[in-house]
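Single-letter residue listing:
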Amino acid sequence: KLPCRLTPFVDNFTHLGGMVYGFLCGLSTIERLSTDFFGIAKSKCECARNVIVRFAGLILSVVLIMITTAVLVDSSGTGSPCINCRYISCVPFPPWANEDNKWWYCDDCARVTADAKLDSRGYYSLAMSCPDGVIKNVDLSDTAVTDRQWIRKQLPDICRKNCDNLFAT
């Protein structure tokens with residue numbers, strides 16, 4: 001499953017939470033083998049420890065599920081309570097490629113908007129709204145762009161080159 005977790009917008013925290021909850025639920029409901037299977041007698045202390053571990057795993061599972069449910073119900077769904085967790089949930093791929101040759105990016109530049117200014121020679125300026133809300137003026141007079149669709153396709157790359165903060169706040 002590791003290659004799947006490197007793809008963009010796969011929520012790795014869901015996978016991690018499922019693994020933790022699965023481990024805790026499995027720990028609390030695991031069927032113990034009889035001592036006859038191994039030929040080793042268990043003491044009463046070991047039996048008590050096993051019961052305590054199973055009970056603690058069950059209680060911890062229920063408490064964690066209640067906490068995460070409360071966090072999810074309280075969230076708006078548009079932001080994250082952990083700002084830097086995006087680096088765990090998404091990895092720009094391939095990591096060894098330079099910034100211009102990535103297959104996908106994990107920033108918010110795909111959602112930027114811009115107003116293009118047009119004269120008789122073509123588009124000469126962009127007033128781009130960066131992901132953090134800052135307006136950047138980008139000079140396009142050197143490129144002599146006349147195609148609006150080209151600008152629309154290049155807008156994420158223009159954002160990455162000109163915006164200071166690539167993530168929405």
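Residues numbered from 1 in each chain as written. Predicted model: local features only at pLDDT ≥ 70, side-chain atom pairs only at ≥ 80, totals over all residues. Heavy atoms only, no water.

1. Overview of the sheet that holds strand β1 (residues 113-119)
Then comes step 1: The antiparallel open sheet is built from 3 strands, whose spatial order is β1-β2-β3. Only two strands of the sheet have a single neighbouring strand rather than two, namely β1 and β3 (135-139). Averaged over all pairs of adjacent strands, the angle between their axes in this sheet comes to 20°, without regard to strand direction.
Then comes step 2: Across 7 bridges, the pairing between β1 and strand β2 (residues 122-129) is antiparallel. Residue T113 lies in a different strand from β2, and its bridge partner there is S129.
Then comes step 3: On the sheet, helix α6 (residues 148-162) packs against β1, β2 and β3 and is oriented at approximately 50° with respect to β2. (Pairing = 2+ DSSP bridges. Helix = DSSP H or I, 4+ residues; strand = E, 2+ residues; numbered from the N terminus. Axes fitted to C-alpha atoms, helices over the stretch in contact; angles between N-to-C directions. Contact = heavy atoms within 4.5 Å.)

2. Side note on the pattern of salt bridges
Then comes step 1: The tally for this structure, following the rule as stated, stands at 5 salt bridges.
Then comes step 2: As a salt-bridge pair, D107 and R160 come within 2.8 Å of each other at their nearest N and O atoms. Of this pair, D107 sits in the loop between α5 (86-89) and β1 while R160 sits in helix α6, placing them 53 residues apart in sequence.
Then comes step 3: In this structure, the salt-bridge partner of D164 is K136, at a minimum N-O distance of 3.4 Å. Residue D164 is found in the segment after α6, and its partner K136 is found in strand β3; the two are separated by 28 residues along the sequence. (Salt bridge = Lys/Arg side-chain N within 4 Å of Asp/Glu carboxyl O.)

3. Quick look at the nonpolar core
In summary, soluble globular proteins display a tendency toward joint burial of nonpolar side chains.
Then comes step 1: Judged by nonpolar contacts, the single largest core of 14 residues is most densely connected at L126, M128, V138, L140, I151 and C159.
Then comes step 2: Residue assignment for this core shows that the elements contributing at least two residues are β2 and α6.
Then comes step 3: The element best represented in this core is α6, accounting for 4 residues.
Then comes step 4: For C159, the contacting residues outside a window of four places in its chain are C109, V112, M128, P131 and L166. (Core = buried A, V, L, I, M, F, W, Y, C linked by side-chain atoms within 4.5 Å. Buried < 20%, exposed > 50% of the residue type's maximum accessible area, 1.4 Å probe, protein only.)

4. Some details on the state of the cysteines
Then comes step 1: Per the stated rule, a full pass over the model turns up 2 disulfides.
Then comes step 2: Here C109 is linked by a disulfide to C159, with a sulfur-sulfur distance of 2.1 Å. With the S-S bond torsion at -60°, the cross-link from C109 to C159 turns out left-handed. With a gap of 50 residues between them, C109 in the loop between α5 and β1 and C159 in helix α6 connect regions that are remote in the sequence. Considered together, C109 and C159 belong to a single accessibility category, that of buried residues.
Then comes step 3: Across the disulfide from C130 sits C163; the S-S distance is 2.0 Å. The disulfide joining C130 to C163 has a torsion of about -85° about its S-S bond and is therefore left-handed. Residue C130 is found in the loop between β2 and β3, and its partner C163 is found in the segment after α6; the two are separated by 33 residues along the sequence. Each member of the pair C130 and C163 is classed as buried. (Disulfide = S-S within 2.5 Å.)

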